[in-house]
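# Reading the structure
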Amino acid sequence: MNRHINRREWLGVIAAGALGAVAARVIAADAPAAASGAPTPLKLSDAEWRKRLSPGQYAVLRNEGTERPRSSPLNDEKRRGTYHCAGCDLPLFSSDTKYESGTGWPSFHTALPGALGTKTDFKAILPRTEYHCARCGGHQGHVFDDGPAPTGKRYCNNGIALRFAPAEA
C-alpha cells in the first residue's frame, strides 16, 4: 500500500531531526576536554557542602540558583586582584578581565585557563551555556557572546559564588 506522509508527520520528522542535531551538539559540548594540569576534583557530601557554605551560596553553587541583580558588593569591586570560587577557592577570573556589563552581576570577558567547565542549560527554554568551577562543580553563571574585545564573551557571574582576593600592594 502506497501511503503519503501528511504535513503533521513531516513536521514531526523535521522536529525530531532538529532535536537530534541539538542533542548531538550538547553531548559533544559537554564531553570533558582532556586537559593536563586540570584541578583535582573536590567531592563533598551534601551535608559537608551545607556546613561549608551560607544558605545563599548553597542555593547558587549547588542548586544552580541565581542571586538578585545588583545584590552583590562584588559587582562594584574595582581593586586589582583575583576572583575565586566561594566553594573551593579555585582562582577563576583576574580583575584585569572584569568590566561593567550593566547587567547587575559581576562580568568578565576571559576566565583563567582551566578554571571553568561548561554545559548546556535549557532552564530558560532556549539553550544557554552554563559554566561552573572546574574543581568543585559549583555553578557560577552563564556565558554569552555579547561581551567586549578581546573575546566577545560575557561571563555573567553570581557574586555570591565568588570570593575576591585583593592583589598584594
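For the structure, see preceding data.
Reading the values: the criteria
Residues numbered from 1 in each chain as written. Predicted model: local features only at pLDDT ≥ 70, side-chain atom pairs only at ≥ 80, totals over all residues. Heavy atoms only, no water. Pairing = 2+ DSSP bridges. Helix = DSSP H or I, 4+ residues; strand = E, 2+ residues; numbered from the N terminus. Axes fitted to C-alpha atoms, helices over the stretch in contact; angles between N-to-C directions. Salt bridge = Lys/Arg side-chain N within 4 Å of Asp/Glu carboxyl O. Phe/Tyr/Trp six-rings, centres within 6.5 Å; stacked < 30°, edge-to-face > 60°. Buried < 20%, exposed > 50% of the residue type's maximum accessible area, 1.4 Å probe, protein only. Lys NZ or Arg CZ within 6 Å of the ring centre and 35° of its normal. Contact = heavy atoms within 4.5 Å.

### Looking at the sheet that holds strand β2 (residues 91-94)
Strand pairing in a sheet relies on backbone hydrogen bonds, with the paired strands running either antiparallel or parallel. One open sheet accounts for 3 strands, arranged β2-β1-β9; its pairing is antiparallel. Only two strands of the sheet have a single neighbouring strand rather than two, namely β2 and β9 (162-166). Between one strand axis and the next, the sheet turns by 30° as a mean value, whatever way the strands run. Strand direction decides the pairing type here: strand β1 (residues 81-85) and β9, joined by 5 bridges, are antiparallel. Bridge pairing in β9 places tyrosine 83 opposite phenylalanine 164.

### Remarks on the pattern of salt bridges
Per the stated rule, a full pass over the model turns up 8 salt bridges. In this structure, glutamate 64 and lysine 119 form a salt bridge, with 2.6 Å as the shortest nitrogen-oxygen distance. With glutamate 64 in the loop between α3 (55-61) and β1 and lysine 119 in strand β5 (residues 116-121), this residue pair connects regions lying 55 residues apart in the sequence. Among the ionic pairs, arginine 79 bridges to glutamate 77, the shortest N-O distance being 2.7 Å.

### Quick notes on the packing of aromatic side chains
Inspection of the entire model under this criterion finds 6 aromatic pairs. Each ring, one from tyrosine 83 and one from phenylalanine 108, has its centre 5.0 Å from the other, and the planes form 65°; the classification is edge-to-face. With tyrosine 83 in strand β1 and phenylalanine 108 in strand β4 (residues 107-108), this pair connects stretches of sequence that are 25 residues apart. Classification of tyrosine 83 by relative accessible area gives buried; the value is 0%. When its relative accessible area of 0% is taken as the criterion, phenylalanine 108 is described as buried. Seen from their ring centres, phenylalanine 93 and phenylalanine 108 are 4.1 Å apart, and the 10° between their planes marks the pair as stacked. Of this pair, phenylalanine 93 sits in strand β2 while phenylalanine 108 sits in strand β4; the two residues are 15 residues apart in sequence, bridging distant segments of the chain. The buried category is assigned to phenylalanine 93, whose relative accessible area is 0%. Sitting above the plane of the tryptophan 49 ring, arginine 62 keeps its charged end 4.1 Å from the centroid.

### Brief notes about the side chain of asparagine 75
Take asparagine 75: it is sitting in the loop between α3 and β1. Asparagine 75 has contacts with Lys98, Glu100, Gly104, Trp105 and Pro106, leaving out every residue within four places of it along the chain.

### Let's talk about the pairing of β2
Along any regular strand the residues' side chains alternate between the sheet's two faces. Bridge count between β1 and β2: 3 bridges; the pairing is antiparallel. Bridge assignment links tyrosine 83 to a residue of β2, and that residue is phenylalanine 93. Connecting the antiparallel pair β1 and β2 is a turn made up of 5 residues, with aspartate 89 showing a positive phi of about 75°.

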